[in-house]
Amino acid sequence: MSDKTAITLLGLGDMGSALGRAWLAAGHSLTVWNRTAAKVEPIVAEGARAADSAAEAVASATGPVVLCLLDDDSVGEVLEGADLQGRDLVNLTTGTPEQARKRASWAGERGARFLDGGIMAVPPMIGRPETGAYVYYSGDRELFERHREALEVPARAEYVGEDAGHAALHDIALLSAMTGMFAGITHAFALVAGEKELDLARFGGLLADWLQAMAGMSHEMAAHLASGNYTEGVTSNLAMMSAANESLLTTARDQGVDARLLAPYMELMRTRVEQGHGDEGLAGIVSLISRR
Ligand code: FVH
């Protein structure tokens, strides 16, 4: 008999299957259920037990019941009719902070403990610590500590507090940053893609290096927001950056590129400068776009 935590996993999409395989590889016993039975067979062939239904999987669980489904609605549908009394639910389904908080209350009303998670990885990164994959967790601290060892198997675990919504908030914040970065990458390639003599592969590599170097800016913004002093040790001030934006916009026009991916952010930079904050870094823009 293994002394490793037994895992119950509901949802065998790309991510659920990757999680399940990581637990099996680490020697955990694994019970699985998926709406479409065909996705169950491969992982059962690798050693998992197939439950007859989601309710049966939950009823037989002795360890965490992990949900990795499409969205919060599917979580509600899958758990409908399951007896959750005394169960430890770990929800790795992407959702909003509010959905996570509501789901935590919903689980509590049914006698279950609840931990929400936001996965900062794509399936091939799961079970491979060298990729830097991690999962934000928030909600029931005791549940997190009890199952921490098992939760650390697919990816590093980062617990961010008792508020069940905070894992999703971190997740969404990082995905939002990523979206902005993708917009910048898209614009950059639009500028150069029409130039026949340019080597796009080389450009892609140099762009990745540049973005990596600039990512450190998030430390400066964190320090400015924490201190409330947005001018201390500014690396590049807003007045200078806003003036340089004119060259970015002119070049976009000259290259025949629509600058709509950049324009709203540049407009906010200009507004902040016009408000007399040209000596700041970018932190002041946070207050321009925040309602609280
Ligand atoms: N894959 C990724 O790159 C990202 C990385 C970051 C985290 N996300 C989130 O992980 C959740 C699951 O993602 P996934 O990649 O496994 O997604 P799919 O391959 O599309 O599988 C979806 C599973 O959900 C089941 N499902 C959907 N609707 C229902 C429902 N109404 N009732 C029961 N199950 C449902 C679906 O079942 P089936 O279609 O196979 O029958 C799959 O098991 C997700 O929140 C990502 O945002 C992944």
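Keep in mind the model is a prediction, meaning the values are calculated, not measured.

*Asks:* Explanation requested: the pairing of strand S6 (residues 113-120) in the structure shown.
*Replies:* Successive residues of a regular strand alternate their side chains across the two faces of the sheet. Where burial is concerned, most of S6 is hidden: seven out of the eight residues are buried. As paired strands, S6 and strand S7 (residues 134-139) are joined by six bridges and run antiparallel to one another. Within S7, the residue paired with Gly118 across the bridge is Tyr136.

*Asks:* In this structure, what is going on with the site of the ligand? I would like to understand it.
*Replies:* Residues in close proximity to the ligand total 22 residues, the closest being Asn34, Thr36, Lys39, Leu69 and Thr94. Here an oxygen atom of the ligand sits 3.0 Å away from a polar atom, N or O, in the main chain of Asp14. Arg35 is positioned with one of its side-chain polar atoms (N or O) 2.9 Å from an oxygen atom of the ligand. Contact with the protein chains removes 78% of the 910 Å² of surface that the ligand exposes when unbound. Looking at the shell around the ligand, the elements with two or more residues in it are helix H1 (14-25) and helix H4 (72-79). Grouping the amino acids of the shell around the ligand by side-chain chemistry returns ten nonpolar, eight polar and four charged.

*Asks:* Please clarify how the packing of aromatic side chains should be interpreted in this entry.
*Replies:* Where two aromatic rings form a pair, the distance of their centres and the angle of their planes describe that pair. Summed over all chains, the structure comprises four aromatic pairs. Aromatic pair Tyr137 and Phe144: ring centres 5.6 Å apart, planes at 45°, arrangement tilted. Across this residue pair, the class does not change: Tyr137 and Phe144 are buried. A centroid spacing of 5.2 Å and a plane angle of 85° characterise the contact between Phe189 and Phe203, whose relative ring orientation is edge-to-face. Note that Phe189 is positioned in helix H7 (residues 165-192) and Phe203 in helix H8 (residues 200-215), a separation of 14 residues in sequence. With relative accessibility at 26%, the residue Phe189 sits in the partly exposed group. A network of ring pairs unites the aromatic residues Tyr137, Phe144 and Tyr159 as a single cluster.

How each quantity is defined
Residues numbered from 1 in each chain as written. Predicted model: local features only at pLDDT ≥ 70, side-chain atom pairs only at ≥ 80, totals over all residues. Heavy atoms only, no water. Buried < 20%, exposed > 50% of the residue type's maximum accessible area, 1.4 Å probe, protein only. Helix = DSSP H or I, 4+ residues; strand = E, 2+ residues; numbered from the N terminus. Pairing = 2+ DSSP bridges. Near = heavy atom within 4 Å. Polar contact = N/O pair within 3.5 Å; in protein donor to acceptor, adjacent residues only side chain to side chain. Areas by Shrake-Rupley, 256 points an atom, 1.4 Å probe, with all protein chains shown as cover. Nonpolar A, V, L, I, M, F, W, Y, C, P; charged D, E, K, R; others polar. Phe/Tyr/Trp six-rings, centres within 6.5 Å; stacked < 30°, edge-to-face > 60°.

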